[in-house]
Amino acid sequence: MDNSNWWRNYEGILKTFYPLFLGQVVSFVMALMSFTSSLVANLGANTPLSLSFFSYTALALVYGGTMIYRRQKLQVPWYWYALLGLADVQGNFLVNKAYQYSSITSVTILDCWTIAWVIILTWLFLGTRYSPWQFFGAAVCLAGLGLVLLSDAKAHGGSGGSKPLLGDVFVIIGTFFFSMSNVGEEFCVKKKDRIEVVSMIGLFGLLVTIIEIPIMERKSLESVKWSPELILAFCGYAVASFMFYTFVPFLLKMSGSTLFNLSLLTSDVWAVVIRTFFYKQKVEWLYFVAFALVVTGLIIYSKTEKDPVSAPAIEEANADDQRYQLLNEDEEQADHRHDATVS
């Protein structure tokens, strides 16, 4: 009896702490992606699409190969995955491009704009109903992000990048594409197969980058001076990005976007640490105020967050149950009428 109670307690602790641990792994991997992308930009390679090319190639080969081995048919029409892949590529391109003009701290904090876009998209397309507290939390986040813009407008020299406001605009637009990709990915992961979702994002992301690289980055690639440090940074980004796309669906399916968003907050802390100790750059005091506001706003938002998929899914399931019950009642009445006619 004692052993069974111990085992149940162990399982409860594991179920509680495993998502937290996985969330911190995702957060660290995201910070590593930001670091390697920033490092590539600092080494003089203006190639954000080429940076993502290797990530999508790895995803398409590993997860696409798994689907081929399974002989698995698509559960979602291919054109929806094409839209997700297109949105994901544009988001990665704009955010990685921002490192050419802005600091790693600004980019990682402004990534939180994704929250605002997700609220709008789930409200418009998934029918999610948000409470006033959620809107208040999102407003607090936007206030913190406004401080980042103000700090970058005052920044000069290396502390804020060459054109910080331009970089901030790239990040904000990029997060809009990320939000479209994330909402679609979360819906598909919870309703369909995780392997299929990741493999299709990798496949269509690869196709889009193959088309766009010759158009947008041919001259930049020709001017790149390859070095061991740059190659290592490319490889580091590819590995970190592959791990990010691998772990995120697990976290979304296990705990939803609440823990996912809260876990990503620590990536901003890692970004500040990297900027302070690796780049030897000064961090403006407004960044710390902005970070505190973003943390506060996301906590307020996440405390009352509803699952963007759960509400419509529950309504649809209830409707299906009602239709099923009505169908059974009609069949029973028909059987009774048939029995009465025969007798």
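This one's a predicted model, so the numbers in the text were calculated from it and none came from an experiment.

### Structural notes on a nonpolar patch on the surface
On the surface, L74, W78, Y79, W80 and L83 cluster together to form a nonpolar patch covering roughly 580 Å² of accessible area. By relative accessible area, which is 40% here, L74 ends up partly exposed.

### A closer look at the nonpolar core
Core analysis: the biggest nonpolar cluster contains 43 residues, and Y56, Y81 and L145 have the highest contact counts within it. Elements represented by at least two residues in this core include exactly α2 (48–70), α3 (78–98), α4 (104–110), α5 (113–125), α7 (164–191), α8 (194–216) and α11 (285–303). With 9 residues, the single largest contributor to this core is α8. Ignoring sequence-local partners within four residues, the contact set of Y56 consists of D88, V89, N92, I201, G202, G205, L206, T209 and Y245. Among the nonpolar cores identified, the runner-up in size contains 21 residues, and L39, F234, Y237 and F244 belong to it.

### What to know about empty space enclosed by the protein
On inspection of all chains with the given rule, the structure shows 2 cavities of 30 Å³ or more. Roughly 50 Å³ of volume is contained in the second largest cavity. In terms of lining residues, the second largest cavity is bounded by S37, V40, A41, A45, T47, P48, L51, N96 and Q100. Put simply, the parts of the chain that give the lining of the second largest cavity at least two residues each are α1 (2–42) and α2. Of the residues contributing to the lining of the second largest cavity, the split by class is 5 nonpolar, 4 polar and no charged.

### Details of the layout of surface pockets
Roughly 520 Å³ of internal volume is contained in the largest pocket. Lining of the largest pocket is provided by 15 residues; of these, W80, L84, M180, V183 and G184 occupy positions nearest its centre. Looking at the lining of the largest pocket, the element that brings in the most residues is α7, giving 6 residues. Considered class by class, the residues forming the lining of the largest pocket number 12 nonpolar, 1 polar and 2 charged.

How each quantity is defined
Residues numbered from 1 in each chain as written. Predicted model: local features only at pLDDT ≥ 70, side-chain atom pairs only at ≥ 80, totals over all residues. Heavy atoms only, no water. Patch = residues over 30% accessible without salt bridge, like charges linked within 9 Å, V, L, I, M, F, W, Y side chains within 5 Å. Areas by Shrake-Rupley, 256 points an atom, 1.4 Å probe, with all protein chains shown as cover. Salt bridge = Lys/Arg side-chain N within 4 Å of Asp/Glu carboxyl O. Buried < 20%, exposed > 50% of the residue type's maximum accessible area, 1.4 Å probe, protein only. Core = buried A, V, L, I, M, F, W, Y, C linked by side-chain atoms within 4.5 Å. Helix = DSSP H or I, 4+ residues; strand = E, 2+ residues; numbered from the N terminus. Contact = heavy atoms within 4.5 Å. 1 Å grid on protein atoms, 1.4 Å probe; cavity = no way out; pocket = protein on both sides within 12 Å on 5 of 7 lines; lining within 4 Å. Points joined across faces, edges and corners; volume = space filled by probe spheres on them. Nonpolar A, V, L, I, M, F, W, Y, C, P; charged D, E, K, R; others polar.

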